[in-house]
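Observations on the model geometry
Here is how the chains run, residue by residue.
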Amino acid sequence: MENLASRTPQETFQAHGEALRSENLDSILENFAEDAVFITAAGVRHGRDGVREAFAQLFADIPRARWDIRVKNFGGDLLYLEWAADSDTNRAEDGVDTFLFRDGLIQAMTVSYRLTPR
């Protein structure tokens, strides 16, 4: 079994991106701390159950998305990300995420995007 605590933020983000592209919720959750905090305009979610709810909503909003990462800036244990995503039903514009990494896992994440129907 891989020692997740030894992963760099970049390695954790790479694993997160792979899980996101495959829409594999269980794999996504493996990259988050058990007590993770996930914040959006809709509110604050806690723990892996909250993360699961947030990503289930994201996949409902933009199913089988084609992702366009526009800006990715790491600063130590922090990541700032700008993105867009396109699906057959909706397009997400002006996506902005922030990540806080600790011990090889995502400890906190914020997400914002503007949804436009196709």
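Scroll up to find the structure this text is about.
Everything in this summary refers to the structure shown in the same document.

Conventions adopted
Residues numbered from 1 in each chain as written. Predicted model: local features only at pLDDT ≥ 70, side-chain atom pairs only at ≥ 80, totals over all residues. Heavy atoms only, no water. Phe/Tyr/Trp six-rings, centres within 6.5 Å; stacked < 30°, edge-to-face > 60°. Helix = DSSP H or I, 4+ residues; strand = E, 2+ residues; numbered from the N terminus. Buried < 20%, exposed > 50% of the residue type's maximum accessible area, 1.4 Å probe, protein only. Pairing = 2+ DSSP bridges. Axes fitted to C-alpha atoms, helices over the stretch in contact; angles between N-to-C directions. Core = buried A, V, L, I, M, F, W, Y, C linked by side-chain atoms within 4.5 Å.

1. Considering the packing of aromatic side chains
Counted under the stated rule, the structure contains 9 aromatic pairs. Both rings, one in Phe 13 and one in Phe 74, keep their centres 6.3 Å apart while their planes meet at 75°; by these two values the pair is edge-to-face. In this pair, Phe 13 sits in helix 1 (residues 9–22) while Phe 74 sits in strand 3 (residues 66–75), placing the two residues 61 residues apart along the sequence. By relative accessible area, which is 27% here, Phe 74 ends up partly exposed. Centroid distance Phe 55 to Phe 59: 6.2 Å. Interplanar angle 45°. Geometry classified as tilted. Taken together, the positions of Phe 55 and Phe 59, both in helix 3 (residues 47–61) and 4 residues apart, correspond to about one turn of that helix.

2. Considerations on the sheet that holds strand 4 (residues 78–86)
Reading across the sheet, the 6 strands line up as 2-1-6-5-4-3 and stay open at both edges, with mixed pairing between neighbours. The two strands at the open ends of the sheet, each matched to only one other strand, are strand 2 (43–46) and strand 3. The mean inter-strand angle of the sheet, taken between neighbouring strand axes irrespective of direction, is 15°. Taken together, the 4 bridges between strand 1 (residues 32–40) and strand 6 (residues 105–117) define a ladder with parallel strand orientation. For Phe 38, the partnering residue across the bridge sits in strand 6 and is Met 109.

3. Some details on the nonpolar core
Phe 32, Phe 38, Phe 55, Trp 83, Phe 99 and Met 109 are the most contacted members of the largest nonpolar core, which has 25 residues in total. Put simply, the parts of the chain that give this core at least two residues each are helix 1, helix 2 (25–30), strand 1, helix 3, strand 4, strand 5 (90–102) and strand 6. Looking at which element gives the most residues to this core, the answer is helix 3, with 5 residues.

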